[in-house]
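This is what each chain is made of:
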Amino acid sequence: VNYAYQLLIRPQIPHAGQLGARATERGTVGAVRDLLQEAGIRGTTSMATGGMKALISGDITQLLRTLLDMELNRFEGFHVPAVFLHPVFTDLALALGLEAPFRTYIDHLETRTAMRPAFCTLNLPLLFERFDEWSLDPPLVMSAVNAAGYRMNPSQASCEQTLRSADGPIVAMMILAGGHLPPDRAVDYALQLGSVGSVGIGAWKPAHMKHSCTQQK
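Residues numbered from 1 in each chain as written. Predicted model: local features only at pLDDT ≥ 70, side-chain atom pairs only at ≥ 80, totals over all residues. Heavy atoms only, no water.

Draft legend 1. Looking closely at unusual backbone geometry. In this model, Asn 153 is joined to Pro 154 through a cis peptide bond whose omega is 0 degrees. By secondary structure assignment, the location of Pro 154 is in the loop between strand 4 (140-144) and helix 7 (156-165). Even without being a glycine, Ser 135 presents a positive backbone phi close to 60 degrees. Judged by relative accessible area, Ser 135 falls into the exposed class, the value being 63%. In this structure, Met 174 is a non-glycine residue whose phi angle is positive, near 55 degrees. As for its placement among the helices and strands, Met 174 is situated in the loop between strand 5 (170-173) and helix 8 (183-191). Using a relative accessible area of 25% as the deciding quantity, one classes Met 174 as partly exposed. (Helix = DSSP H or I, 4+ residues; strand = E, 2+ residues; numbered from the N terminus. Buried < 20%, exposed > 50% of the residue type's maximum accessible area, 1.4 Å probe, protein only.)

Quick look at the structure:
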């Protein structure tokens, strides 16, 4: 039997570890300047130039759009149906009640790409509360969902309530609770919570991925 597989990539951006390390060494402005200069070296000169102008003028919205383009440029040539905003940035903006970054992110992806804007969060109830408050459509969301309540904020009970009532599809992550739960129990728990339609399992090596996929069959 011949099987055809289509590789779909749903990246999580930006690279928070890289940005954090650079910001520690060079400061926030220095880190952004370095990234823009590297973009010019890689051949995206117009993108880097636009970003530099935005940095100098203090146009935060345009700078955010440029940084998004730089991240997405890495996936050119791949089928990318959706892009998740990293939880570090999602949850910071949620906690501060900042609506503008979400609207910029959504608008940029919907108007300039065929990619669906998606969000990764460790506070699912707050995300849906804010989106309802700001009259934003229910998004594609990835959040911690596991029987141990690991990183389900503000509480496991409130997350379960949101998962049972949410309109948008949810991608469950951290279902193994850091390796503390067996795969069969983890998947059963996640999928019985109404809006969970799929699960994401972390793997550092091909062997780990093969083992995890075998366990889920």
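Draft legend 2. Molecular detail of a nonpolar patch on the surface. A contiguous nonpolar patch, built from Leu 92, Leu 96 and Leu 98 and spanning about 290 Å² of accessible area, is present on the exposed surface. Note that Leu 96 resides in helix 4 (residues 87-96). Taking the relative accessible area as the measure of exposure, Leu 96 reaches 56% and is therefore exposed. (Patch = residues over 30% accessible without salt bridge, like charges linked within 9 Å, V, L, I, M, F, W, Y side chains within 5 Å. Areas by Shrake-Rupley, 256 points an atom, 1.4 Å probe, with all protein chains shown as cover. Salt bridge = Lys/Arg side-chain N within 4 Å of Asp/Glu carboxyl O.)

Draft legend 3. Focus on the environment of Leu 109. Structurally, Leu 109 is set in helix 5 (residues 100-112). Sequence spacing of Leu 109 and Leu 72 is 37 residues, and the spatial spacing of their C-alpha atoms is 9.9 Å. Sequence-distant contacts of Leu 109, defined by excluding residues within four places in its chain, comprise Leu 72, Val 83, Ala 114, Met 115, Arg 116 and Pro 117. (Contact = heavy atoms within 4.5 Å.)

All quantities given are derived from atomic positions and should not be read as evidence of function.
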